[in-house]
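These are the residues of each chain, in order.
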Amino acid sequence: MNENQRLESSQAKADNSTDKKSAKDYSKYFETVFVPPSLKDARKRGKEEVKYHDDFSISEEFRGMGEGRKFYIRTYGCQMNEHDTEVMAGIFMALGYEPTDKTDDADVILLNTCAIRENAENKVFGELGHLKGLKKERPDLLLGVCGCMSQEESVVNKILKTYQHVDMIFGTHNIHRLPNILNDAYMSKEMVVEVWSKEGDVIENLPKVRRGNIKAWVNIMYGCDKFCTYCIVPFTRGKERSRRPEDIIQEVRQLAADGYQEVTLLGQNVNSYGKDIEDIQYGLGDLLNDIRKIGIPRVRFTTSHPWDFDDRLIEVLAKGGNLMPHIHLPVQSGSTEVLKIMGRKYTREEYLELVRKIKAAIPNVALTTDIIVGYPNETDEQFEETMTLYEEVGYELAYTFIYSPREGTPAAKMQDNVPLDVKKARLQRLNNLVNELSAKAMKTYVNQIVEVLVEGESKNNPDILAGYTDKNKLVNFKGPKTAIGKIVKVKINDAKTWSLNGEMVEESAEEAVSLAEVN
Ligand code: 5AD
Ligand code: SF4
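Here the structure is a predicted model, which means the values were calculated and not measured.

Scoring rules and cut-offs
Residues numbered from 1 in each chain as written. Chains lettered and ligands numbered in written order. Predicted model: local features only at pLDDT ≥ 70, side-chain atom pairs only at ≥ 80, totals over all residues. Heavy atoms only, no water. Core = buried A, V, L, I, M, F, W, Y, C linked by side-chain atoms within 4.5 Å. Buried < 20%, exposed > 50% of the residue type's maximum accessible area, 1.4 Å probe, protein only. Contact = heavy atoms within 4.5 Å. Axes fitted to C-alpha atoms, helices over the stretch in contact; angles between N-to-C directions. Helix = DSSP H or I, 4+ residues; strand = E, 2+ residues; numbered from the N terminus. Left-handed = near helix turned anticlockwise from the far one by under 90°. Nonpolar A, V, L, I, M, F, W, Y, C, P; charged D, E, K, R; others polar. Lys, Arg positive; Asp, Glu negative; His and termini not counted. Salt bridge = Lys/Arg side-chain N within 4 Å of Asp/Glu carboxyl O. Polar contact = N/O pair within 3.5 Å; in protein donor to acceptor, adjacent residues only side chain to side chain. Near = heavy atom within 4 Å. Areas by Shrake-Rupley, 256 points an atom, 1.4 Å probe, with all protein chains shown as cover. Arc of directions from axis to C-beta.

Participant: Before we move on, could you go through the nonpolar core and cite the residues and values that matter?
Facilitator: Nonpolar side chains tend toward joint burial in soluble globular proteins. Judged by nonpolar contacts, the single largest core of 67 residues is most densely connected at Leu287, Leu288 and Ile327. The residues contacting Ile327, other than those within four sequence positions of it, are Phe301, Phe309, Leu317, Ile358, Ile362, Val365, Ala366, Leu367 and Thr368. Within the second largest apolar cluster, 33 residues are counted, among which are Tyr76, Val124, Cys148 and Met149.

This is the structure we're talking about:
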């Protein structure tokens, strides 16, 4: 939906608001902006060209809107959402708002939500319940819901019906409209709903306020066209659209110049990067090959889909340097039959062949994965195939989930004969294996010296520092505070299931410089 359609649609909804026949028509609550989401529209993939914009600006009428006001954003879900929050924080600051880390202090509270599983959504509804009291105490407070849940019709209807203290709902395609949405919310007593169910554009020059100055997220593409049968993301995030390489490279160069030590390239399906750019043949391998020449000490990327993981990418990753030897490669299931029903487009054997190629090219690689258990009608044998695949690959870590039906996805319509307690038992068995292999991988580090990017004090003990190795292992260690923000050498003394303990042996701050001129 474009700007004109938005205006037409909100007009149409305003006209509809007199129609009181339908019990489900909540539009009577609104007189200002009412553009609700449509999963049907979000499912569509047209041939329309992606529009690239670099004309974002804060219009004169909104300048100073935030003076004397504070904002608070709570983020749920993945790194993409974390990064969207950084963009929204940038817009708030450009409007003159100040950040706060307390809801009690805030004049605007946003919940940036995740729709991936039902429990992610339940947390948000719980929080909306809690915030009702605050809103009662301070009616001037603006409360907004944004992110992936906002893109779902059922969620928006539920908020309209049950959480009428919410002031604004806006979608993942409407972030750049935040100034207008805030303005509408201040001007009106009605709930402002603006959710475009479009395929999506790319807006280059949105402001950002990054959390921290050590690690940075960099979007390389948006959206997803894979339509795995369980997944809501293609509906909430629009079609695959890549940023231009020159824009990404420029952003990474700037981050390196600003002293950042690590970038993570982000996309829902980063291996499709560049497929939609028509004037050049340029994929994720090419992008990483260019980025590895930039003097930023650590480069990561997430999330990969095995289907698009090509030889060029493997060849580039094998060059090492600042490309970290860790690949998160979601498999979802070890059974070819289940993979087929999931719409994953690869078999168990093809996945294992990809793993073989990756390990041959990058012998020290650490592989991690995502797995869903209890897919509709998953048999014991099919689940056992997930267990054997897990051991065969030798993953160092996995995020494991019980399948959660998402309205609008094909899997949600499937009959399911697997009882919940069977699903839970399978998850438990898988988790035991995950823990066992993680502990085994951790043990190999004892008495080794590893390089750790130090992020700060450990959460539980301010005398201990914490950071991550090249393979993304958490290390807690004794060392001076001057090490924060640097890559230092740490000798590992002790291994736990999820983390390592050690002592700093050397502050190797030259790391960044020595990498600066890699060819
Ligand atoms: N139910 C359970 N897990 C899911 N995931 C995605 N959709 C669902 C769902 N409907 C998991 C996948 C994905 C990870 C981010 O979340 O494993 O890789
Ligand atoms: Fe959650 Fe997926 Fe949206 Fe990320 S993209 S916030 S994981 S639903």
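And the narrative resumes.
Participant: A description of the packing of helix α8 (residues 245-257) against helix α9 (residues 284-291) should follow, citing residues and the corresponding values.
Facilitator: Relative orientation of the contacting elements α8 and α9 amounts to 35 degrees, with a least axis distance of 10 Å. Remark: the crossing between α8 and α9 carries right-handed chirality. On α9, the residues touching Pro245, Ile248, Ile249 and Val252 of α8 are Leu287, Asp290 and Ile291. Looking at the contact of α8 with α9 residue by residue, the classes come out as 6 nonpolar, no polar and 1 charged.

Participant: Which residues make up the side chain of Arg344, and what values go with them?
Facilitator: Looking at the element boundaries, Arg344 is found in the loop between α11 (336-342) and α12 (348-361). Despite its burial, Arg344 remains without a salt bridge, the nearest opposite charge being carried by Asp370 at 7.5 Å. Of the polar contacts made by the side chain of Arg344, one reaches the side chain of Tyr346; its length is 3.0 Å. When neighbours within four sequence positions are excluded, Arg344 is seen to be in contact with Cys228, Tyr230, His305, Pro306, Trp307, Pro330, Val331, Gln332 and Leu339.

Participant: With reference to specific residues and values, describe the site of ligand 1.
Facilitator: Near ligand 1 the following residues occur: Ile116, Arg117, Tyr230, Gln332, Asp370, Ile372, Phe401, Ile402, Tyr403, Ser404 and Arg406. Measuring from an oxygen atom of ligand 1, one finds a side-chain N or O atom of Arg117 at 2.9 Å. About the coverage of ligand 1: the protein hides 86% of its 400 Å² of free accessible area. For the shell around ligand 1, the secondary-structure elements that each account for two or more residues are β16 (366-373) and β17 (397-402). Split into classes, the residues belonging to the shell around ligand 1 amount to 6 nonpolar, 2 polar and 3 charged.

Participant: Outline helix α5 (residues 153-162), listing residues and values.
Facilitator: All of the buried residues along α5 are Val155, Val156, Ile159 and Leu160. One side of α5 carries all its buried residues, which in axial view fall inside an arc of 135 degrees. Where α5 is buried, its residues touch β1 (34-35), α4 (118-137), β6 (142-147), β7 (168-170) and β8 (192-194).

Participant: Talk me through the pattern of salt bridges; I want residue IDs and the actual numbers.
Facilitator: Going through the model one piece at a time under the given rule, you end up with 37 salt bridges. Across the salt bridge formed by Glu262 and Lys215, the nearest N and O atoms sit 4.0 Å from each other. Linking Glu262 in strand β13 (residues 262-266) with Lys215 in strand β10 (residues 215-219), this pair joins segments that are 47 residues apart in sequence. Using a relative accessible area of 3% as the deciding quantity, one classes Glu262 as buried. Classification of Lys215 by relative accessible area gives partly exposed; the value is 29%. When the shortest N-O distance is used, the salt bridge between Glu251 and Arg243 registers 2.7 Å. In this structure, a network of salt bridges that share partners links the residues Glu204, Lys208, Arg210, Arg243 and Glu251.

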